[in-house]
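The lines below spell out each chain.
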Amino acid sequence: MERLDFNWTQKTGTTVAEYYGFRTDVDSPIAPISIPEKDQSWIDEGSIPVCPFSAGNVCKKAKSKNEPVCSVRNKDGDLWIACSERLCATKKDKPLCKHQQDILLDIARHIFSKDLSLDDVCVKREESLAVVDGTSYHADYIMTTRSGRISSPGPDRVILEMQGGGETTNTGSLTKQVKAWKNMSSPNNNVLRNGTSASPLITNAWRRQQEQFLVKGNIAMKTWKGLGLVFCVGTLLYDYLLARLKDANLQNLKNYYWNLALIGIEENKDNAPTEGPIPLRVDESRLLFTNYQTFVQALINQGSPSVGAFEGTFTSLGNENVSVPF
């Protein structure tokens, strides 16, 4: 099936890219999912549809009585994953489905060796990580090879975190659009491709990740010198992050000892779109293998001197304007 001829730069805003695992930029009809109103309950748990991207888990959005929009596109057509389950989420008591196997193998081949097969790569899922106050964090994955050792200069095993995207602004406009589409006598995918006032909230996604970088990376560094931290993020988040660290001159240590990697995940556009999910893959142009301590220092150094904020007109607690010199 040929890709529809869209001029994304003329879009007025964010569009629905995937609805319950089906891409909208093909004309094959998508079946609407029945979602109860917020003040209603499901008749039974078995009526909640299963997530298309994880093995046996119910759709997280449908369970929360939200429309199952998996991903969206911004006005330029860039993909933004809008559900935390879409990229490669899983539960430790569930087998890995093909989507998860493909993504994880692609990542492992970029971390450890391009020659790895499915049977060579091993993971733990939702593994607890202790912190000093007695609480715990959970790693999305701990990844290594079957032997637990590799011949390349990088780490032998890594904490692997997945953050494809996040929420959007004006999510209600997307929901309104989906409901209008569902109310059509013959739902047409073109309605889902109309622009809305929503937009990706990249800043919020990045703010959440900074804590993860600091805590989980420190855990890895303290545990053993052969451990590393790998963050897999969508292209929009990758570009946002690198733009803020452009003055840090982070070294590319892919062929040396690295212990922190940022891996961009992109939409695979090699083939014309067909009915079903949007294929994803590691973005070869968005890979950074570097040193954890240097990266953390770059995070700290984002701030610049701001003398003006600390002088000038203040307000006393008696509500009087006071001029205070620096």
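Shown above is the structure to which this text applies.
Predicted, not measured: the structure shown is a model, and the values here were computed from it.

Engineer: Explain the sheet that holds strand S10 (residues 227-234) residue by residue, including any values.
Structural biologist: Two modes of strand pairing occur in sheets, parallel and antiparallel, and in both the strands are linked by backbone hydrogen bonds. Spatially, S5-S6-S7-S10-S11-S12 is the arrangement adopted by the six strands of the open sheet, whose pairing is mixed. Either end of the sheet is taken by a strand with one partner, and the two such strands are strand S5 (121-130) and strand S12 (280-290). For this sheet the average axis-to-axis angle between neighbouring strands, irrespective of direction, equals 30°. Bridge analysis of strand S7 (residues 157-163) against S10 gives seven bridges, and the strand direction is parallel.

Engineer: Before we move on, could you go through a nonpolar patch on the surface and cite the residues and values that matter?
Structural biologist: On the surface, Val307, Phe310 and Phe326 cluster together into a nonpolar patch covering about 370 Å² of accessible area. The residue Phe310 is located in the loop between helix H7 (292-300) and strand S13 (312-315) in this model. A relative accessible area of 56% means that Phe310 is categorised as exposed.

Engineer: Account for the nonpolar core, naming residues and giving values.
Structural biologist: The biggest cluster of nonpolar side chains holds 49 residues, and the ones touching the most others in it are Tyr19, Phe213, Leu262 and Phe295. Ranked by the residues each element gives to this core, the list is headed by helix H5 (residues 202-223), at six residues. Dropping the residues within four chain positions of it, Phe213 is found in contact with Trp206, Asn218, Leu229, Phe231, Leu241, Leu260, Leu262, Tyr292, Phe295 and Leu299. Formed by 31 residues, the second largest nonpolar core is a distinct cluster that contains Ile107, Val121, Leu160 and Ile265.

Engineer: Before we move on, can you summarise the layout of surface pockets with the specific residues and values?
Structural biologist: For the largest pocket, the calculated volume is near 950 Å³. What lines the largest pocket is a set of 39 residues, and nearest its centre among them are Lys60, Ala82, Cys83, Ser84 and Glu85. Listing elements by their share of the lining of the largest pocket, those giving two or more residues are helix H1 (60-63), strand S3 (69-73), strand S6 (136-145), S7, helix H3 (171-182) and H5. Looking at the lining of the largest pocket, its residues break down into 13 nonpolar, 14 polar and twelve charged.

Engineer: An account of unusual backbone geometry is needed here, citing residue identities and associated values.
Structural biologist: Phi angles above zero are rare outside glycine, and Asn170 is one such case at about 50°. With respect to the element layout, Asn170 can be found in the loop between strand S8 (168-169) and H3. A relative accessible area of 46% places Asn170 in the partly exposed class. With phi around 65°, Asn319 is a residue other than glycine that occupies positive phi space. Here Asn319 is to be found in the loop between S13 and strand S14 (321-324). Here Asn319 falls in the exposed class, since its relative accessible area comes to 70%.

What counts and what doesn't
- Residues numbered from 1 in each chain as written.
- Predicted model: local features only at pLDDT ≥ 70, side-chain atom pairs only at ≥ 80, totals over all residues.
- Heavy atoms only, no water.
- Pairing = 2+ DSSP bridges.
- Helix = DSSP H or I, 4+ residues; strand = E, 2+ residues; numbered from the N terminus.
- Axes fitted to C-alpha atoms, helices over the stretch in contact; angles between N-to-C directions.
- Patch = residues over 30% accessible without salt bridge, like charges linked within 9 Å, V, L, I, M, F, W, Y side chains within 5 Å.
- Areas by Shrake-Rupley, 256 points an atom, 1.4 Å probe, with all protein chains shown as cover.
- Salt bridge = Lys/Arg side-chain N within 4 Å of Asp/Glu carboxyl O.
- Buried < 20%, exposed > 50% of the residue type's maximum accessible area, 1.4 Å probe, protein only.
- Core = buried A, V, L, I, M, F, W, Y, C linked by side-chain atoms within 4.5 Å.
- Contact = heavy atoms within 4.5 Å.
- 1 Å grid on protein atoms, 1.4 Å probe; cavity = no way out; pocket = protein on both sides within 12 Å on 5 of 7 lines; lining within 4 Å.
- Points joined across faces, edges and corners; volume = space filled by probe spheres on them.
- Nonpolar A, V, L, I, M, F, W, Y, C, P; charged D, E, K, R; others polar.

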